[in-house]
Amino acid sequence: MGGDAEEIIPRRRLEEALRRIRPHPHPDPELEQYTTPPKVAAELLFTARYIYDDIKDRLVADLGCGTGRLGIGALMLGAEAVVGVDIDSTAISTARENAVEADVSDRLHLLIGDVAPLRAVFDTVIMNPPFGTRRRHADIEFLDEALRIARAVYSIHKSSTREFIKRHIRRRGGRISALLKMEMEIPHMFRFHRKPRRLVEIDLYRIERLRV
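A brief look at the structure comes next. These figures come from a predicted structure and were not determined experimentally.

**Comments concerning the pattern of salt bridges**
Thinking step 1. In total, this model carries 15 salt bridges according to the counting rule given.
Thinking step 2. With its nearest N and O atoms 3.6 Å apart, the salt bridge here joins Glu 16 to Arg 19. Here Arg 19 and Glu 16 lie together in helix H1 (residues 11-19), a separation of 3 residues that amounts to about one turn.
Thinking step 3. The exposure class of Glu 16 is partly exposed, given its relative accessible area of 34%.
Thinking step 4. For Glu 208, the salt bridge is made with Arg 175, and the minimal N-O distance between the two is 2.9 Å. With Glu 208 in strand S7 (residues 197-209) and Arg 175 in strand S6 (residues 174-187), the pair connects residues that are 33 residues apart, well separated along the chain.
Thinking step 5. A residue is classified by how much of its surface remains accessible, and Arg 175, at 39% relative accessible area, is partly exposed.
Thinking step 6. Salt bridges sharing common partners tie together Asp 54, Arg 151, Arg 175, Arg 206 and Glu 208.

This is the structure:
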């Protein structure tokens, strides 16, 4: 007889926990600082934890971590440690406060700066990178770094870029093992937004690195 079965945290409970993580107080449109919606974040983390076993007891990197929603969620689901990286000091400060409130600050290591210096020691990358609408190919730069440092990558991209992203992943020695189609709600955040909210079709990828 085995031991007690491990409790699975329902998506809805995870989503509600992620909803309590505060967003950026002053997001910068040039950095595309859109907070990952709790539903999308919960789907990414639930898939990584319970379907592919890429979270529990793993060393995880959250690239462009913002205020920590994905990284803190990974720690809630049993990650050994998470390294969150962002170039925005305000985002990092908010992430640190969020981690204290979520009681995971001892396992969340936050860095202000670029992702390039990170070493290839991670099991998993989780990220919601810029879509590349303000700075061309910003999404590709994040993908390249993610595939360099980890064996499994979870990343969110606009559905309109699907074929381009798929070709790029293949060229970089990656294999797409899952692609989930979702919608992301973007509220009115910046002056150039003309509607109270907008739904954007997105793709959630799980990518395996096949080449070193």
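Now that the structure has been shown, the text picks up again.
**Structural notes on the packing of aromatic side chains**
Thinking step 1. One pass over the full model with this rule turns up 1 aromatic pair.
Thinking step 2. Against the face of Phe 46 rests Arg 11, its NZ or CZ located 4.0 Å from the ring centre.

What counts, and where the lines are drawn
- Residues numbered from 1 in each chain as written.
- Predicted model: local features only at pLDDT ≥ 70, side-chain atom pairs only at ≥ 80, totals over all residues.
- Heavy atoms only, no water.
- Salt bridge = Lys/Arg side-chain N within 4 Å of Asp/Glu carboxyl O.
- Helix = DSSP H or I, 4+ residues; strand = E, 2+ residues; numbered from the N terminus.
- Buried < 20%, exposed > 50% of the residue type's maximum accessible area, 1.4 Å probe, protein only.
- Phe/Tyr/Trp six-rings, centres within 6.5 Å; stacked < 30°, edge-to-face > 60°.
- Lys NZ or Arg CZ within 6 Å of the ring centre and 35° of its normal.

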